[in-house]
Amino acid sequence: MILILMGPPGAGKGTQAKQLVDKYGIPQLSTGDMLRAARRSGSDLGNKVAAIMDSGKLVSDEIVIALIEEKFDAGDAKEGAILDGFPRTPAQAEALDAMLDAKGRKVDAVLSIHVSDEDVVRRNSGRRTCPVDGASYHLEFKPPKREGLCDHDGAALVHREDDMPDKIRVRLEAYHRDTAPVLAYFEPKGLVKTVDGTGSIAEVFARLTGAIG
Ligand code: AMP
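Residues numbered from 1 in each chain as written. Predicted model: local features only at pLDDT ≥ 70, side-chain atom pairs only at ≥ 80, totals over all residues. Heavy atoms only, no water.

1. Remarks on the pairing of strand β3 (residues 81-84)
Formally: Partly exposed residues are those whose accessible area sits between 20% and 50% of the maximum for their type, while under 20% is buried and over 50% is exposed, using a 1.4 Å probe and protein chains only. Secondary structure elements follow DSSP: runs of H or I no shorter than four residues count as helices, runs of E no shorter than two count as strands, and numbering proceeds from the N terminus. Two strands are counted as paired when DSSP detects at least two bridges linking them.
Of the two faces of β3, the one carrying A81 and L83 and the one carrying I82 and D84 are both buried. With four bridges connecting them, strand β1 (residues 2-6) and β3 associate as parallel partners. In the strand pairing of β3, I4 is matched with L83. Two elements, strand β2 (residues 28-30) and β3, share three bridges in a ladder whose sense is parallel. If you follow Q28 over to β3, its bridge partner there is I82.

Structure below.
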């Protein structure tokens, strides 16, 4: 089963993806996580994308398509995958379809989590991230057990540069400009299922699994 999880930054994609992983036993492939891991490792790729990511803009299609292909070629998605944050542009959607086609596979559903722009800004301003393992928290909705510290490794949580309000607005613009056409790309294939992203994590999860069927 190959699922695509879509929604503006802070719609809860990452959180929901992790629960879908547990339920369906297929891995989450997040290009954002892969890029952040590349940055933490200080690799050439990481250094190359750092400034673009901090500005809230999208990195090139080529880079993220290569990252996803690498995972599929390595067999990470043998049983299926939950694609989180990819595809973000029509070119990425086409490249994904072409890659799956060549492997005799296809996208099963595109789950679009809907959250208003106002809520997006509020949610992302409260997000805090662990610089060591990448875990994500929220001051209001998902606070860590000890204030300001990661539950897993005790590292001091940071406010991601691209979660600052001015950067969030840039990311929202990018989302609306680039991602709406991705939905338009999958719509005629009858794959898009839009789910209300407001309410608790459990409520949104119930809507998602209901939509997957
Ligand atoms: P995310 O955590 O998914 O919001 O991703 C954080 C940042 O990584 C984005 O603002 C982009 O700069 C970059 N990024 C992640 N996924 C993609 C993608 N599919 N296409 C282009 N840039 C991406």
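2. Regarding the packing of helix α6 (residues 117-125) against helix α7 (residues 165-186)
Pairs of packed helices are described in terms of their axes, by the angle between the two and the distance that separates them. Rules: Here, axes are lines fitted to C-alpha atoms. For helices the fit covers the stretch in contact, and angles between N-to-C directions go from 0 to 180 degrees. Any angle that falls under 35 degrees is termed roughly parallel, while one over 145 is termed roughly antiparallel, one within 65 to 115 roughly perpendicular, and all others oblique. Definitions for this section: a left-handed crossing has its near helix turned counterclockwise from the far helix by less than a right angle. A right-handed crossing has that turn clockwise. Whether two residues touch is decided by their heavy atoms; if any such pair falls within 4.5 Å, the residues are in contact. Residues are grouped as follows: Ala, Val, Leu, Ile, Met, Phe, Trp, Tyr, Cys and Pro are nonpolar; Asp, Glu, Lys and Arg are charged; all remaining types, including Gly, are polar.
One way to put it is that α6 packs onto α7 with a least axis distance of 10 Å and a crossing angle of 135°. Classed by the angle they form, the pair α6 and α7 counts as oblique. Crossing handedness for the pair α6 and α7: right-handed. Contacts between α6 and α7 involve D117, V120, V121, N124 and S125 on the former and, on the latter, P165, I168, R169, R171, L172 and H176. Grouping the constituent residues of the contact of α6 with α7 by class yields five nonpolar, three polar and three charged.

3. So, the confidence of the model for the protein chain
Threshold: A score from 0 to 100, pLDDT tells how confident the predictor is in each residue.
Residues at a pLDDT of 70 or more form 100% of the protein chain, whose mean pLDDT is 92. Averaged pLDDT values over the elements of the protein chain bottom out at 86 in α6 and peak at 96 in strand β7 (residues 192-196).

4. Things to note about the pattern of salt bridges
Our working rule: Salt bridges, as used here, are contacts in which a Lys or Arg side-chain nitrogen is within 4 Å of a carboxyl oxygen on Asp or Glu.
This model, assessed by the stated rule, comprises 15 salt bridges. Where R160 meets D163, a salt bridge forms, and the shortest distance between an N and an O atom there is 3.9 Å. Comparing R160 with D163, the two get one shared label, buried. Connected through salt bridges with shared partners, the residues R127, R160, D162, D163 and R171 form a single ionic network.

5. Side note on helix α8 (residues 201-212)
Spelled out, the test is: A helix is expected to span 1.5 Å for every residue after the first. Think of it as the arc spanned by the lines of direction from the helix axis to the C-beta atoms.
Look at α8: 17 Å from first C-alpha to last across 12 residues, which is about the 16 Å you get at 1.5 Å a residue. Burial in α8 covers these residues: V204, F205, L208, T209 and I212. Buried positions in α8, seen along its axis, are confined to an arc of 135° and lie on one side of it. Just past α8, the residue G213 takes up positive phi, approximately 80°.

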